[in-house]
Amino acid sequence: MKITLFTSVAAFALMSAGLVHAQDAAPVADAVAPAASEQVTEVIVYGQGQSRQTQSVKADDITKVAPGTSPLKVLDKLPGVSFQSSDPFGAYEWSARISVRGFNQNQMGFTLDGITLGDMSYGNYNGLHISRAIINEDIARADLSQGAGSLDSATSSNMGGTLKFISRDPSETLGGELAGTLGSDEMHRLYGRFETGAISALGGLRGYISAVDMKTDKWKGGGEQKQQQVDAKAVLPIGEGSLSAFVNHSERREQDYQDMSFEMIDRLGYDWDNFQPNWQLANEVAAAYQASAVSGTAATYPGSIATVDDAYYYGGGVRDDTLSGISLNLPVSDKLKFNGTIYNHTNKGQGLWVTPYLPSPGNAYMQAFAPALYDATSTDDANVSIRTTEYDIDRTGAIGGVALDLGAHQVSAGFWVENNDFNQARRFYGESLEAPHRDSLGFQSNPFYTQWEYAFNTKTTQFYLQDVWTISEALKVNYGFKSLETTNKVDQLVGGTIKAELKSKDNFMPQVGAVYKIDSHYEVFGSYSENMDAYVSAATAGPFSSQSQSNIDYVKDNLKPESSKTLEGGLRLRFPQFSGVAALYNVKFDNRILAVAQGSGIQGNAPVLSNVGGVTSQGVELAGTYRFTPQWKLYASYSYNDSKYEDDVVSADGTIQAHTKDKTVVNTPKNLLKTELGYDNGALFGTLGVNFTGKRYYTYENIGGEVPSSTISDLTVGYRFENVGTTIQLNVTNLTDEKYISTIGSNGFVNSDASGTSQTILPGAPRQVFLNVRKTF
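K.L.:
I tried to follow the overall build of the chain on my own but got confused; where do I start?
P.N.:
For the chain, the helix and strand inventory stands at 9 helices and 38 strands. In terms of overall dimensions, the chain is globule-like: its C-alpha atoms have a radius of gyration of 26 Å, near the 28 Å expected for 777 residues. Seen along its three principal axes, the alpha-carbon backbone of the chain occupies a region of about 80 × 60 × 50 Å. In the chain, which comprises 777 residues, the proportion classed as buried is 57%. Considering only intrachain contacts with a sequence separation of at least 6, the fraction spanning at least 24 residues in the chain is 69%. In the form shown here, the chain has an accessible surface area of approximately 29800 Å², with 57% of it arising from carbon and sulfur atoms.

Right under this line is the structure:
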């Protein structure tokens, strides 16, 4: 109801304003600022004029990868960025991981048109993944700040950088686009967009609606991954300003790949996966485990299966999201400008796992495992049940800012407020032994058991103030601060009586920087910033994941939120044929919280949380683009990062619980090398990208858990038939068909794994081929 009302108000406001201004509107070409996509003329821009390390990637780069590819995978080529996913598109959310300078995804900030996407974690609690927030073709550009994002970024987690996505504006011209893709593993994708063009009778109002339908089988095992999305956006010119509104809706359904260990890969093979569609085998393995648990004897499993966690029948995720907003950007005078946005996001989701650890209520083994749940009359008598983690988000927020032009001083101030109601539950659903009767990619209903349920509320308030002082034509200085406060409340509804409130607060987080233009070819820059990662409200992340009142109280009384201090500087170069950047950085990370996984992920055990104290991250980043002819260009970036824990994990009595001092931070490769050769003569185009990722660890103590380096190549070849507005494009991912480990930490990180049995790695996808045809009109 809230979404319907919100969308109706936005549409009514645009239509009404359009009718009011239709008669006296300025000509569209004069009234509308250039679209966001027109602001970036190079594929990669190195942040000229900025005091911090930043790059922008525009839509052309996003459309040249395989359709449906996550924009995060496109950004993987930028310096300091490491992105991994076990699917060819980088869109499979269970495995998608991005890290920058030793900071993992949940320590970064993400926004779309200024609206926070939270930390884009798989287990939703404060946002949604970019793959669900907007259709790829509707993204105009993406801006990455590796160190510190701008003060106006609406995020409470951007210690390790900020990634801003900007959507495309509707076209001034009536038209649209149709595109179809076919490829490996029965992949097919259809995309369409209709542009109204500027409607003069409505004051120049213009809009578009786009939709996509994508489906693919998994590259190994049974099951499929699919998604349907609809985006709509409208923009109304108001003098030199604009009123805009959008509604984006996504329905994503994906089945999981089995989390692996090195020992499993050696024993079962690289292509091992879950049992689906072999329902009988899944129940046979579960029955062997349950008989062993009851009798106290060792289980005997069929074939090469050694443990009950080697495979499950399936795992999966279902997510429905609607993100909407209305924005006003209005010059009040020649000196004063105002911008404001009101937004809403609702999410309904379930993470599914067919678990052997609890049978269905009519199964005889239930009498031994949970007698109170046994139901002799139930027809759900399988040796397995469906375990879910269920998510319901309803968050509403507002963002506002003013900018005052005082000549040499550009002063700006603004705020961000958000109220997030989040409900999370762990439930179990029965299945019949004869054959599964539930939709493996649908929302489950009628549970036989709710293990726990929590109601969370998070209130966020942020304020910033900054000045950009142009001292001379060569020197520009920026300085300012932001204040951030979040209040997290939890009320346990089922499975306990936890009731608590945590607060994260820092009233002064400064940011200062300078950029000096030596001449038309060189500029130097430097900046210092402080940031805080506010506590999150979830039963599966942050302090509340301990699911213990005493532990939460301990955090409240003794610990502080994670924080960072970033110092960076560098040199930018810009010549007719070459542009690039060289940067150095040092980051001090305090109050680093380690979450140590306990048991297999499907068991859902609470992790052990420990404060490891400090982390130091320092490194160098080099990147450049050389255009040696108008058609040919070569891009390359190299990053060296040294991120280490400063302390051991020590208990209250002084006992060392984990020897982490001077150990490399998990999921942080020291060396990253990215190269891309491109050709484009206006008709024929192509790119060959090669990415090297150095070794990484999924163990805090670096004992075992070392994932070898990998080199992955992707190829794009296409041709534009300009006279008919048609483009044909061929994409090949993992061109050399390398076998490698992509995602690590899929089931969390552990202290050590000398035996190689921790199931928390995912192999990468083999070579895949996709053919796309696009038609504009």
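So, next bit.
K.L.:
So what exactly am I meant to see when it comes to the nonpolar core here?
P.N.:
Across soluble globular proteins, you tend to see nonpolar side chains buried next to one another. One finds Trp272 and Phe275 to be the most contacted residues of the largest nonpolar core, which totals 58 residues. Of all elements in the fold, only α6 (262–268), α7 (279–295), β15 (336–355), β23 (578–596), β24 (608–626), β35 (741–744) and β37 (761–763) reach the threshold of two or more residues within this core. Element by element, the count of residues in this core is highest for α7, at 6 residues. Setting aside residues no more than four positions away along its own chain, Phe275 makes contact with Leu281, Ala282, Val285, Ile305, Ala311, Tyr312 and Tyr313. In terms of nonpolar packing, the next biggest core, distinct from the first, is built from 39 residues, Tyr46, Val74, Leu144 and Leu163 among them.

K.L.:
Is there a simple way to explain the pairing of strand β9 (residues 175–183) in this structure?
P.N.:
Remark: a regular strand shows side chains that alternate across the two faces of the sheet. In terms of strand pairing, β9 meets strand β10 (residues 187–195) through 9 bridges, oriented antiparallel. Across the sheet, residue Gly183 finds its bridge partner in β10, namely Met187. Between β9 and β10, which follow one another and run antiparallel, lie 3 residues, and Asp185 among them has a positive phi close to 55 degrees.

K.L.:
I keep staring at the packing of aromatic side chains and nothing clicks. Help me out?
P.N.:
Geometry of an aromatic ring pair is reported as the spacing of the ring centres plus the angle between the planes. Overall, the coordinates contain 30 aromatic pairs when judged by the stated rule. Ring centres 5.3 Å apart and planes at 35 degrees place the aromatic pair Phe481 and Phe508 in the tilted group. A residue pair is termed long-range when its members are at least 10 positions apart, and Phe481 in strand β19 (residues 475–494) and Phe508 in strand β20 (residues 499–517) qualify at 27 residues. Here the aromatic residues Tyr391, Phe422, Trp452, Tyr454, Phe456 and Phe544 are joined through ring pairs into a cluster of three or more. In this structure, Arg319 is placed above the aromatic ring of Tyr122, and the distance from its NZ or CZ to the ring centre is 4.7 Å.

K.L.:
Explain a nonpolar patch on the surface to me, please; I cannot follow it from the model alone.
P.N.:
On the surface, Leu684, Val717, Tyr719, Phe721, Val724, Ile728, Leu730, Val769, Leu771 and Val773 cluster together to form a nonpolar patch covering roughly 740 Å² of accessible area. Those elements giving two or more residues to the nonpolar patch turn out to be β33 (710–721), β34 (726–733) and β38 (768–776). Within the fold, Leu684 resides in strand β29 (residues 684–693). Given a relative accessible area of 36%, Leu684 falls into the partly exposed group.

K.L.:
Got a minute to help me understand the pattern of salt bridges in this structure?
P.N.:
Pairing of side chains with opposite charge becomes possible as their charged atoms draw close. Evaluation of the coordinates by the stated rule reveals 37 salt bridges. Between Glu418 and Arg395 there is a salt bridge, and its shortest N-O distance comes to 2.9 Å. Taken together, the positions of Glu418 in strand β17 (residues 409–429) and Arg395 in strand β16 (residues 385–406) put the pair 23 residues apart, joining distant regions of the chain. Taken as a pair, Glu418 and Arg395 share a single burial class, namely buried. Here the salt bridges do not stand alone but share partners, grouping Glu93, Arg132, Arg252, Glu254 and Asp321 into one network.

K.L.:
Honestly, unusual backbone geometry in this entry has me stumped. Any pointers?
P.N.:
That bond from Gln276 to Pro277 is cis: its omega, 15 degrees, falls within 30 degrees of zero. Tracing the backbone shows Pro277 in the loop between α6 and α7. For Asp113, which is not a glycine, the phi torsion comes out positive at approximately 50 degrees.

K.L.:
I tried to follow empty space enclosed by the protein on my own but got confused; where do I start?
P.N.:
One way to see where empty space is left: roll a probe the size of a water molecule over the atoms. Counted by the stated rule, this structure contains 11 cavities of 30 Å³ or more. Of the pockets and cavities examined, the largest cavity occupies roughly 640 Å³. Along its surface, the largest cavity is lined by 37 residues, and Lys73, Asp76, Asn691, Ile712 and Asp714 are the ones closest to its centre. If you list the elements that add at least two residues to the lining of the largest cavity, you get α4 (71–75), β3 (81–84), β28 (671–680), β29, β33 and β34. Each residue belonging to the lining of the largest cavity can be placed in one class, and the counts come to 13 nonpolar, 15 polar and 9 charged. Size it by volume and the second largest cavity reaches roughly 220 Å³. Taken together, 21 residues make up the lining of the second largest cavity; nearest its centre are Asn126, Ser156, Thr458, Thr460 and Val536. Elements with a minimum of two residues in the lining of the second largest cavity: β17 and β18 (449–470). The greatest single-element share of the lining of the second largest cavity, amounting to 4 residues, is contributed by β17.

Procedures and definitions
- Residues numbered from 1 in each chain as written.
- Predicted model: local features only at pLDDT ≥ 70, side-chain atom pairs only at ≥ 80, totals over all residues.
- Heavy atoms only, no water.
- Helix = DSSP H or I, 4+ residues; strand = E, 2+ residues; numbered from the N terminus.
- Rg over C-alpha atoms; globule rule 2.2 N^0.38 Å.
- Buried < 20%, exposed > 50% of the residue type's maximum accessible area, 1.4 Å probe, protein only.
- Contact = heavy atoms within 4.5 Å.
- Areas by Shrake-Rupley, 256 points an atom, 1.4 Å probe, with all protein chains shown as cover.
- Core = buried A, V, L, I, M, F, W, Y, C linked by side-chain atoms within 4.5 Å.
- Pairing = 2+ DSSP bridges.
- Phe/Tyr/Trp six-rings, centres within 6.5 Å; stacked < 30°, edge-to-face > 60°.
- Lys NZ or Arg CZ within 6 Å of the ring centre and 35° of its normal.
- Patch = residues over 30% accessible without salt bridge, like charges linked within 9 Å, V, L, I, M, F, W, Y side chains within 5 Å.
- Salt bridge = Lys/Arg side-chain N within 4 Å of Asp/Glu carboxyl O.
- 1 Å grid on protein atoms, 1.4 Å probe; cavity = no way out; pocket = protein on both sides within 12 Å on 5 of 7 lines; lining within 4 Å.
- Points joined across faces, edges and corners; volume = space filled by probe spheres on them.
- Nonpolar A, V, L, I, M, F, W, Y, C, P; charged D, E, K, R; others polar.

Taken by themselves, the reported measurements are silent on function.
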